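So you can see what is in the structure, the chains are spelled out below.
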Amino acid sequence: MSVTTSSPKLNRIGLPLAAYKGGKTTLCAGCGHNAISERIIEAFFELGVDLQWVAKFSGIGCSSKSPAYFLGGTHAFNGVHGRMPAVATGALLANRRLIGLGVSGDGDTASIGIGQFVHLVRRNVPLIYIVENNGVYGLTKGQFSATADLGSTLRNGVVNDLPPIDICSLSIELGATFVARSFSGDKKQLLALLKAALSHRGLAVLDVISPCVAFNDHEGSTKSYKYVKEHDDPLGDVHFIPSYEDISVNYEPGTTRDIRLHDGSHLLLSKLPEDYDPTDKMAALRMLDDARKKGEHLTGLIYIDTNSKDFIELLNLPDEPLATLPVEKVRPPKEVLDEINESFR
Amino acid sequence: MTPSDTQVEEARSALQTKKVVNDFSIRVATVNGTGSQTSNLVLLRALFQMGIPVTGKNIFPSNIAGLPTWFIIRASRDGYLSHTRDSQVLVALNPETAEEDVHTMPTGSAIIYDEPLTLDRLRDDVVFYAVPFNKLVTPICRDPKLRKYVRNMIYVGVLAHLLAIDRDEIARALNKQLGRKKKALEMNWAAIETGWQYAQQHLPKRDPFILEPMDQNRDKILIDGNTAAALGCIFAGVTVVSWYPITPSSSLGEALIDYMKKYRIDRETGKATFAIIQAEDELAALGMVLGAGWAGARAMTATSGPGISLMAEFSGLGYYAEVPAVIFDVQRVGPSTGLPTRTMQGDLLSTAVLSHGDTKHIMLFPGSAWECYTMALEAFDLAEEFQTPVFVMSDLDLGMNYWISDPLPYPDRPPNRGKVLTEDDLQRLGRFERYRDVDGDGIPYRTIPGTPLPAYFCRGSGHNEQAEYTERPDAYVRNMDRLARKFETARQRVPAPEVIDHPRARVGIIGYGSSHYAILEARDHLRQQANLETAYLRIRAYPFNEQVEAFVRRYAPVYVVDLNRDGQMRDLLKLDLPAELTPRLRSVRHYDGHPIDARHITDDILSQEASL
């Protein structure tokens, strides 16, 4: 018997793809969330992210279980329903060097946790915030969520008669600095957007339509695989060029944009609608609204602002993580207490 | 005719035989939002500077401006620092409450009132002093908008003259309150002078109440519990603070902001060695604290009852996932919105088991402003040592009122960061299992994100020793039993009770928190009035250690003093003590929202003793 060994492909920090994998998924076969996990693994592997610095966060729901299924050797915090933003905010303030990756669902983000989500956006916390959006509650067996489209139906035929919360529109309105929508089935677009999110300093909202094969993949649902494939309206093509690669792409002016991200990487948006400017809030909101009216899912990088300060900068935090500042830095000397005591005499 | 100084002196000497020196209290009744707090603090501080044991209780409304408020300043030559219900000197400036205020005063009281209220018609067994506040304030303050504030400084001058408060001390106290605002300082001093002169010229002394300098406050400070708590957090090395404003805890958050800005900016880099976030609600506040605690920071929040209720879910996560957190609960009157500006020890039972499932929390009970500081230091050590939320149960009386205190001591040891795994530990242990009880004390080892040590998956769902998700019954039971063991370990590490035994005592008193000074005074009353000697144990933490049980074994009955309707500490003791001891527990309860006073305790114990 002969054994053939082939050394696996290693990334730029010398790790194989396997190092970026997680535990075996317990989600349903065909669940969109699994595809998103795959893209996360690829993005982190391909960019050679040092796993020591990664911190994964999630709330409650099918989506929030998924951090166990990718980037297995990293720290993770699976908190309570809808409250992942607070936990992530605290952790990222405690250690600004952490690369925060949050995974939430549409129930977690748009219903029980909408208050925290709104304030996470306002604060521009440096975190990749993925909403695995399937318009339905899975773990509790198929109730509508707040992102279900008007007129979409449940398996038993019940029609949703409330308007959806559009996570992208809401985020833009609240001052988000990176807003993208994708589809779990669009490998190329999602991978590029994830990489771009990793290079963005500030909150990166990725609303990823991720069909639920168990409860929302039927005729009449606007978040089924079939419907999304037929109504996916990509906002051009997205190419990510990491900072350590040369940029040499020819593009037609007017329909392509080159966005320089914080770490020197570039996001090239090509085949854009004529004159679409992803740094124009109102244009972005209009595009989203137009697509919604047509029953389509606008995907791609919808809005970006690379000028705003993130929360760490705003709070004037030191380079060294707060969590590991030595006691001399965080306990003022005795003279200070003497002075304070004196002021109360 | 205006009385000369000589006449005043004569009147005073006539009162010599029955004068009351440094043993009475002053009740100032005003309308809130008129700056009377500044006037009252000037008085309080002046007495403090005169070396007189003094306390100030602010009984204020949940309102910005226009509702009645009272401030009670008690001078006690015997050194009692608790509240008293009886006042002997009244300043009646609130037309709405003036008549009722006058009627609550005992015979022989001195009442200073706003002249147009003509209160002197109401009684003839008290001494009235009419002061035309509006007439006096107009020449001092041209701006009608400022007048209502300056007007209240006039009574400071009137009282200073009538009660013989040292003018220099008044000046020093005013400077302390308004020192940075020169213009306000001048205007307010003019008001004090005006009040003084008016009293000198028009109000011959006809009451027996006099203040004389003492030397009881040497090396003491005057501080509110919330400021002391904030300072404790700063010297504990807190780095992440997340809070949501709520009375009566807001001043803790604000003191943190002020002092951190002043003393915690890195001199070399100009960077903040802290992050303070005003959260969107109390849920987020504790969520951020847990995130930061998990990531290795010393993190805290401060809140009150309604916030505690909102923090229930995250508290359970902190307990079960074992994340350090410090939570200050500056308690106020519940249930629900309750009386937001009044004091209570109302959150004991709910906090002890805050959250669903079998949850148990460490609670600390500061009994003074000084302990608000020292227990802040201890709370951070305990939270990290036990990897769990620690609740510091202050209350409005401790937190917002001013107390004479020993100076705050500098920490005598470095922070205890608990079992945070180092590379050496890892070699010694061989492997890392987040929730394994390696040392037999129930406390596992943890790693911190961003270090090269092994990672783990922190979760509020069922987990085994390796922090892996599991629903296995044996793993669940093992984990819960270990958590219970950890809580048992905590019994010996939390602040021990303070015990005062007495060989002649049969009766014991158990107290905690803000009732401490009232209990000390009540013990003297019981001895003097009824020859009843008592032993006293002050609980300083939950879980209780064995000294509590031993105390209950030594004395019977044991009166447990609670500032709530249901006797929450008594109930918590009942849950903890052997069944045969629980019939010894009796309850002294006080729950009208005002700070507890000694007489309440004395009367209640004597009446229960009589019915034995």
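These figures come from a predicted structure and were not determined experimentally.

Calculation criteria
- Residues numbered from 1 in each chain as written.
- Chains lettered and ligands numbered in written order.
- Predicted model: local features only at pLDDT ≥ 70, side-chain atom pairs only at ≥ 80, totals over all residues.
- Heavy atoms only, no water.
- Helix = DSSP H or I, 4+ residues; strand = E, 2+ residues; numbered from the N terminus.
- Rg over C-alpha atoms; globule rule 2.2 N^0.38 Å.
- Buried < 20%, exposed > 50% of the residue type's maximum accessible area, 1.4 Å probe, protein only.
- Contact = heavy atoms within 4.5 Å.
- Areas by Shrake-Rupley, 256 points an atom, 1.4 Å probe, with all protein chains shown as cover.
- Phe/Tyr/Trp six-rings, centres within 6.5 Å; stacked < 30°, edge-to-face > 60°.
- Lys NZ or Arg CZ within 6 Å of the ring centre and 35° of its normal.
- Salt bridge = Lys/Arg side-chain N within 4 Å of Asp/Glu carboxyl O.
- Core = buried A, V, L, I, M, F, W, Y, C linked by side-chain atoms within 4.5 Å.
- Buried area = accessible area lost by both parts, 1.4 Å probe.
- Polar contact = N/O pair within 3.5 Å; in protein donor to acceptor, adjacent residues only side chain to side chain.
- Axes fitted to C-alpha atoms, helices over the stretch in contact; angles between N-to-C directions.
- Parallel < 35°, antiparallel > 145°, perpendicular 65-115°, else oblique.
- Left-handed = near helix turned anticlockwise from the far one by under 90°.
- Nonpolar A, V, L, I, M, F, W, Y, C, P; charged D, E, K, R; others polar.
- Pairing = 2+ DSSP bridges.

Could you give me a rundown of the overall build of chain A, with the residues and numbers involved?
Across its full length, chain A holds 12 helices and 13 strands. Its C-alpha radius of gyration of 22 Å places chain A within 12% of the 20 Å reference for a compact globule of 345 residues. Each of the three principal axes of chain A carries a C-alpha extent, and together these read 75 × 60 × 50 Å. Here chain A holds 345 residues, and the buried ones make up 57% of them. In chain A, the proportion of contacts linking residues at least 24 apart, taken out of those at least 6 apart, comes to 70%. Only carbon and sulfur atoms are counted for the fraction: they give 52% of the accessible area of chain A, which is about 14,100 Å².

Please provide a residue-by-residue account of the packing of aromatic side chains, values included.
Summed over all chains, the structure comprises 16 aromatic pairs over all chains. With a centroid separation of 5.7 Å and 75 degrees between ring planes, the pair formed by Phe57 of chain A and Trp294 of chain B is classed as edge-to-face. A residue pair is termed interchain when its members come from two chains, as with Phe57 of chain A in strand E1 (residues 54-58) and Trp294 of chain B in helix H10 (residues 282-294). Aromatic side chains Phe117 of chain A and Tyr129 of chain A sit 5.0 Å apart centroid to centroid with 40 degrees between the ring planes, which places their arrangement in the tilted category. Taken together, the residues span a long stretch of sequence, with Phe117 of chain A in helix H5 (residues 114-123) and Tyr129 of chain A in strand E4 (residues 127-133) at a distance of 12 residues. Residue Phe117 of chain A is classed as buried on the basis of its relative accessible area of 1%. Linked through ring pairs, Phe57 and Phe77 of chain A together with Trp294 of chain B together constitute an aromatic cluster. One Lys or Arg, Arg167 of chain B, reaches over the ring of Trp196 of chain B and ends 4.8 Å from the middle of that ring. One Lys or Arg, Arg206 of chain B, reaches over the ring of Tyr129 of chain B and ends 5.1 Å from the middle of that ring.

Describe the pattern of salt bridges, naming the residues involved and giving the relevant values.
Taken as a whole and assessed by the stated rule, the structure comprises 65 salt bridges over all chains. A salt bridge links Asp166 of chain A to Arg181 of chain A, with the shortest nitrogen-to-oxygen separation between them at 2.8 Å. Here Asp166 of chain A is found in the loop between strand E6 (143-144) and helix H6 (167-173), whereas its partner Arg181 of chain A is found in strand E7 (residues 178-183), with 15 residues between them in sequence. For Asp166 of chain A, a relative accessible area of 14% corresponds to the buried category. Note that Lys293 of chain A is salt-bridged to Asp289 of chain A, the shortest N-O span being 2.9 Å. Taken as a pair, Lys293 of chain A and Asp289 of chain A lie in helix H9 (residues 281-293) at a separation of four residues, close to a single helical turn. Overall, the relative accessible area of 65% leaves Lys293 of chain A in the exposed class. Via salt bridges that share partners, Arg298, Asp381, Glu384, Asp412, Arg413, Arg417 and Arg446 of chain B belong to a single interconnected network.

Tell me about the nonpolar core, and name the residues and values.
The nonpolar side chains of a soluble globular protein tend to be buried with one another. Membership of the largest hydrophobic core comes to 254 residues, with the highest contact counts inside it found for Leu206 of chain A together with Leu256 of chain B. When residues in this core are grouped by element, the largest group, 11 residues, is from helix H14 (residues 369-386) of chain B. Every residue in contact with Leu256 of chain B, bar those within four places of it in the chain, is listed here: Ala230, Cys233, Ile234, Val238, Val241, Ile276 and Met300 of chain B.

Before we move on, can you summarise the interface of chain A and chain B with the specific residues and values?
With 53 residues of chain A in contact, the opposing surface of chain B contributes 73 residues. Summed over both sides, the interface of chain A with chain B buries roughly 5,000 Å², with 63% coming from carbon and sulfur. Across the contact surface, chain A and chain B share three salt bridges. Here Lys329 of chain A makes a salt bridge to Asp266 of chain B, at a shortest N to O gap of 2.7 Å. The interface formed by chain A and chain B includes 21 residue pairs in polar contact (both at pLDDT 80 or more). For the side of chain A that touches chain B, the secondary-structure elements that each account for two or more residues are E1, strand E2 (75-78), helix H3 (84-94), H5, helix H11 (327-330) and helix H12 (334-343) of chain A. With eight residues, the single largest contributor to the side of chain A that touches chain B is H12 of chain A.

Could you give an account of the packing of helix H8 (residues 225-236) of chain B against H14 of chain B, naming the residues involved and the relevant values?
Residue and element names in this part refer to chain B. Packing of H8 against H14 brings their axes to within 7 Å, and their N-to-C directions diverge by 30 degrees. Judged by the inter-axis angle, H8 sits roughly parallel to H14. Considering how the two elements wind past one another, H8 and H14 form a crossing that is right-handed. For the pair H8 and H14, the contacting residues are Gly225, Ala228, Ala229, Leu231, Gly232, Cys233, Phe235 and Ala236 in the first and Ala369, Cys372, Tyr373, Ala376, Leu377 and Phe380 in the second. Classifying every residue of the contact of H8 with H14 by side-chain character gives 12 nonpolar, two polar and no charged.

Run through unusual backbone geometry, naming residues and quoting values.
All names here are of chain B. Cis peptide bonds are those with omega within 30 degrees of zero, and the linkage from Thr247 to Pro248 qualifies with 5 degrees. With respect to the element layout, Pro248 can be found in the loop between strand E10 (240-243) and helix H9 (250-263). Omega for the peptide link from Tyr542 to Pro543 comes to 10 degrees, which places this bond in the cis form. The topology assignment puts Pro543 in the loop between strand E22 (541-542) and helix H19 (546-554).

Summarise the pairing of strand E13 (residues 325-333) of chain B; cite the residues concerned and give the values.
Residues and elements named next belong to chain B. Counted residue by residue, E13 has nine buried out of nine residues, so it is predominantly covered. Relative to E13, strand E12 (residues 299-303) runs parallel, the two sharing four bridges. Across the sheet, Thr301 pairs through a bridge with Ile327, a residue of E13. Pairing geometry for E13 and strand E16 (residues 389-395), over seven bridges, is parallel.

Report on the side chain of Asn94 of chain B, specifying residues and quantitative values.
Residues and elements named next belong to chain B. As for its placement among the helices and strands, Asn94 is situated in the loop between strand E5 (89-92) and helix H3 (98-103). Looking at Asn94, the relative accessible area reads 3%, which means it is buried. Among the polar contacts made by the side chain of Asn94, one reaches the main-chain amide nitrogen of Glu96 at a distance of 3.0 Å. Those residues in contact with Asn94, other than ones at most four positions away along the chain, are Ala29, Thr30, Val31 and Pro68.

Account for the sheet that holds strand E12 (residues 266-270) of chain A, naming residues and giving values.
Residues and elements named next belong to chain A. If you walk across this open sheet you meet the three strands as E10-E12-E11, and the pairing is antiparallel. Among the strands making up the open sheet, the edge pair consists of strand E10 (237-241) and strand E11 (257-260). Each adjacent strand pair in this sheet contributes to an overall mean axis angle of 20 degrees, direction not counted. Bridge count for E10 against E12 is five bridges, and the pairing is antiparallel. Residue pairing for E12: Phe240 is matched across the bridge by Leu267.

I'd like to hear about the environment of Ala199 of chain B, residue by residue, with values.
Residue and element names in this part refer to chain B. Relative to the helices and strands, Ala199 is located in helix H7 (residues 182-202). Spatially, the C-alpha atoms of Ala199 and Ala160 are 9.0 Å apart, while their sequence positions differ by 39 residues. The contact partners of Ala199, leaving out residues within four places of it in the chain, are Val158 and His161.

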